[in-house]
Amino acid sequence: MTDTMQRLAALQARDLPVHGGRTLAYVYDSGDPEVDRVAREAVAAYAASNALDPTAFPSLLQMENELVGFACGLLDAPASAVGTVTSGGTESILLAVQGARDSRPDVVRPRMVLPATAHAAFHKAAHYFGVEAVLVPVGPDFRADVAAMTAAIDDDTVLVVASAPSYAHGVVDPVTGIAAAAAARGVRCHVDACIGGWVLPYAARLGRTVPPWTFAVEGVTSISVDTHKYAYAPKGTSLLLHRDAALRKPQFFASAAWPGYTMLNATTQSTRSGGPVAGTWAVVEHIGDAGYLELADRALTAVDAIVASISREPALRLVVPPDSTLVTLATDASCDPFTLTDELVARGWYVQPQLSFGDDGPSIHLSVSAGTLAHVEDFASALSEAVAAAQAAGPVEVDAGVVAFIEALDPATLGDDDFDGLLAASGLVAASDDGDLELPSRMAEVNAMLDVASPRMREALLVAFLDRLQRPVRKDAR
């Protein structure tokens, strides 16, 4: 192994494992090493190819069209449907919002109606494209409220959104009612199925109850579905499908207003590596429809086992029964959720803490993959041990002085001195001599501190944190 590859391996050793089914966020593991081999070889073969110009690399165009065709079959798409391969769910959502905005040039101040549980990528799109996000509270079951969504639609609404399922809680919104309300006002309806779109159709075929959400629902005009999630393809690809070509057309961008080649793009990117496209196509070809049915069965069986293990712990409860492969749990007063997260991580299970939002307290999120099924008994044991350890440790208390410090800060003007002052006051995250941040090995205290901050302050603190993390490493500093 060369020195460079040795150093690469050393760097990667610090990362979360992407295989083994124990990382229950960010990555999705089929549990089949052959899938990974096929993906790696295809990505490598096309790493230098550029999907910018489909006439220069027609093989990539063919692969993209075949991927869209496969998804059309999953999503009950009509013969008129078209689609685009994007870099991930966020780009698919950005394009859905941008296309909806640009389809209505008559609307001066465009708005989109979102359930409060819609993915944060819609807020990013609102920020980028100047489309006001109108947030509608959800019901006690964490699903969108059709009546409230309907009432929020007005003459400036260019898009109405539903989730299948929502990320934070894993439940499918009532798409039929939402899409009908949008159609009645002549408004586009986008279904964000980024995390569920490649597994919910198979769940229905397996006999599980799945609320209607595909193009079979009248009024649904576009759907986003991520292939780098439950299609088990390499990062990062997603698909954005439209009911017909006229709906997609505003998404395209062309410019001849310069002396170079006439720019023509289907997505926000110009140059696009062919590697992820080829890797995704190869994985989908390798697994196939029957393979995905089996993988969905394995993932959903793993969900059943995890739900059962949660039910056996008196200190835990499901926030809501899952409709798909996402499980959200909460704790009672005897068990601090952030400490429980740390204890699970210490036992080799990475789960994702979710901070308080509105009237709802913190929770723990799990994205369950097919590769998790082989380890569900280990998870049950680790969960029981982690609950006992968290109960023994007791609740995490944020010092009153730190709370007061946070409350005195203005998120709009938060500067380096404020951030450094909070670090000093909390004693949780220290700056090293060279200015780098040194994170604690356990994150419960950090998460507890963020949990007492307002959402705007959380945003400001995390932006400051990211800014501090992303600083140049010069060669002489290695």
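Summary of the structure given here. (Residues numbered from 1 in each chain as written. Predicted model: local features only at pLDDT ≥ 70, side-chain atom pairs only at ≥ 80, totals over all residues. Heavy atoms only, no water.)

1. Re the overall build of the chain
Spelled out, the test is: The helix and strand labels rest on DSSP assignments: H or I over at least four residues marks a helix, E over at least two residues marks a strand, and numbering proceeds from the N terminus. All radius of gyration figures rest on C-alpha atoms, and the globule criterion is 2.2 Å times the number of residues raised to 0.38. The buried label goes to any residue with under 20% of its type's maximum accessible area, the exposed label to any with over 50%, and the partly exposed label to all in between, with areas taken from a 1.4 Å probe on protein chains only. Contact criterion: two residues are considered in contact whenever any of their non-hydrogen atoms come within 4.5 Å of each other.
Looking only at helices and strands, the chain has 16 helices and 15 strands in total. Relative to the globule expectation of 23 Å for 478 residues, the C-alpha radius of gyration of the chain, 23 Å, shows essentially globular dimensions. For the chain, the spread of C-alpha atoms along the principal axes amounts to about 60 × 60 × 50 Å. Put simply, the chain has 478 residues, and 50% of those count as buried. For the chain, restricting intrachain contacts to residue pairs at least 6 apart in sequence, the fraction spanning at least 24 positions comes to 72%.

2. Describing the sheet that holds strand β13 (residues 363–367)
As a reminder, the rule being used: Should DSSP find at least two bridges between two strands, the strands are regarded as paired. Helix axes are fitted only over the stretch in contact, all axes being lines through C-alpha atoms; the angle between N-to-C directions runs from 0 to 180 degrees.
Taken in spatial order, the four strands of this open sheet run β10-β11-β13-β12, and their pairing is antiparallel. The open sheet has two edge strands with one neighbour each: β10 (316–318) and β12 (352–354). Strand-to-strand twist of the sheet, defined as the mean angle between neighbouring strand axes without regard to direction, takes the value 35°. By the bridge criterion, three bridges tie β12 to β13 in an arrangement that is antiparallel. Across the sheet, the residue bridging to P353 is I364, located in β13.

3. Overview of the packing of aromatic side chains
Just so we agree on the cut-off: Aromatic pairing here means that ring centres of Phe, Tyr or Trp (its six-membered ring) are within 6.5 Å. Orientation follows from the plane angle: under 30 degrees is stacked, over 60 is edge-to-face, and everything else is tilted.
Overall, the coordinates contain ten aromatic pairs when judged by the stated rule. Judged by centre distance (6.0 Å) and plane angle (35°), the ring pair of Y26 and Y350 falls under tilted. Here Y350 lies in the loop between α11 (337–346) and β12 and Y26 lies in the loop between α1 (3–12) and α2 (33–45), a separation of 324 residues in the sequence. Summarising the aromatic geometry, the rings of F70 and Y292 are spaced 6.1 Å apart at their centres and angled 70° between planes, so their arrangement reads as edge-to-face. Taken together, the residues F70 in helix α3 (residues 58–74) and Y292 in helix α10 (residues 274–311) connect sequence positions 222 residues apart.

4. Overview of the packing of α11 against helix α15 (residues 444–452)
This is how it is decided: An angle counts as roughly parallel when it lies under 35 degrees, as roughly antiparallel when it exceeds 145, as roughly perpendicular when it falls between 65 and 115, and as oblique in every other case. Handedness of a crossing is defined here by the sense of rotation of the near helix relative to the far one, left-handed for an anticlockwise turn of less than a right angle and right-handed for a clockwise turn. Gly is placed with the polar residues, together with every amino acid not listed as nonpolar (Ala, Val, Leu, Ile, Met, Phe, Trp, Tyr, Cys and Pro) or charged (Asp, Glu, Lys and Arg).
With their axes 8 Å apart at the nearest point, α11 and α15 run at an angle of 150° to one another. Classified by the interaxial angle, the pair formed by α11 and α15 is roughly antiparallel. Viewed along their axes, α11 and α15 form a crossing whose handedness is right-handed. Between α11, through F338, T339 and D342, and α15, the contact on the second element is made entirely by A444, N447, A448 and D451. Looking at the contact of α11 with α15 residue by residue, the class counts come to three nonpolar, two polar and two charged.

5. So, unusual backbone geometry
Most peptide bonds take the trans form, and the phi angle of most residues other than glycine is negative. Cis peptide bonds are those with omega within 30 degrees of zero, and the linkage from A164 to P165 qualifies with -5°. Residue position: P165 is located in the loop between β4 (157–163) and α7 (175–184). A cis amide bond links K235 to the next residue, G236, at an omega of -5°. The phi dihedral of Y26 falls on the positive side, at around 75°, and the residue is not glycine. Located in the positive-phi region is Y232, a residue other than glycine, with phi close to 60°. Tracing the sequence through the fold places Y232 in the loop between β6 (222–226) and β7 (238–242).

6. Comments concerning α10
Selection rule: Between the first and last residue of a helix there are one fewer steps than residues, each counted as 1.5 Å, and that sum is the expected span. Take the seven residues that end at a residue and the seven that start at it, fit an axis to each, and the angle between those axes is the bend at that residue. Two N or O atoms form a polar contact when they lie within 3.5 Å of each other; inside protein one atom must be a possible hydrogen donor and the other a possible acceptor, and for residues adjacent in sequence the pair counts only when both atoms belong to side chains.
For α10, built from 38 residues, the straight-helix expectation of 56 Å at 1.5 Å per residue is missed by more than 12%, its first-to-last C-alpha distance being only 45 Å. Residue G288 marks the point of greatest curvature in α10, where the axis turns by about 80°. Between the side-chain oxygen at the start of α10 and the backbone nitrogen of G275 there is a gap of 3.1 Å, and the oxygen is on S273.

7. Focus on the side chain of D29
As a reminder of what qualifies: Counted charges follow a simple rule, with Lys and Arg positive, Asp and Glu negative, and His plus the chain ends left uncounted. By definition, a salt bridge exists where a carboxyl oxygen of Asp or Glu is found within 4 Å of a side-chain nitrogen of Lys or Arg.
Turning to its location among the elements, D29 is positioned in the loop between α1 and α2. Buried charge D29 goes without a salt bridge, the closest partner of opposite sign being R22 at 9.0 Å. Excluding residues within four positions of it along the chain, D29 makes contact with V18, H19, G20, G21, Y232, S369, A370 and G371.

8. Observations concerning α7
The condition is simple: Taken from the helix axis, the directions to the C-beta atoms give the arc we talk about.
Listed as buried for α7 are V175, I178, A179, A181 and A182. The buried residues of α7 occupy an angular sector of 160° when projected down its axis, which confines them to one face. Considering only its buried residues, α7 is in contact with α6 (146–152), β4 and β5 (188–192). G186 sits one or two positions beyond α7 and adopts a positive phi of about 70°.

9. Here's the deal with the side chain of E313
Within the secondary structure layout, E313 lies in the loop between α10 and β10. Put simply, E313 is tucked away with no salt bridge, and the nearest opposite charge, on R312, sits 6.2 Å away. Not counting chain neighbours up to four residues away, the residues in contact with E313 comprise L383, S384 and V387.

10. Quick word on the nonpolar core
Here is a general trend for soluble globular proteins: nonpolar side chains tend to be buried in one another's company. We apply this condition: Side-chain atoms within 4.5 Å link the members of a nonpolar core, which is a set of buried Ala, Val, Leu, Ile, Met, Phe, Trp, Tyr and Cys residues.
Core analysis: the biggest nonpolar cluster contains 67 residues, and W198, W213, Y232, L239 and Y292 have the highest contact counts within it. Of all the elements, α10 adds the most residues to this core, at eleven residues. For W213, the residues in contact, after removing those within four places along its chain, are L75, A164, V172, V175, V191, A193, G197, L200, P201, V220 and I223. Grouped together as the second largest cluster of nonpolar side chains are 24 residues, V303, I306, A315 and I364 included.

11. Examining the pattern of salt bridges
Applying the stated criterion across every chain, the model contains 21 salt bridges. For E41, the salt bridge is made with R37, and the minimal N-O distance between the two is 2.9 Å. Taken together, the positions of E41 and R37, both in helix α2 and four residues apart, correspond to about one turn of that helix. The salt bridge involving D226 is made with K229; its shortest N-O contact spans 2.4 Å. Pair check on accessibility: D226 and K229 agree, each one buried.

12. Observations regarding the sheet that holds β4
Sheet architecture is open: seven strands sit in the order β1-β7-β6-β5-β4-β2-β3, paired in mixed fashion. Single-partner strands in this sheet number two, and they are β1 (82–86) and β3 (132–136). Pairs of neighbouring strands in the sheet enclose a mean axial angle of 20°, with direction left out of account. Pairing of strand β2 (residues 111–115) with β3 involves five bridges; the strand directions are parallel. Its bridge partner lying in β3, P115 is registered against V136.

Interpretation in functional terms is not warranted from these geometric data alone.
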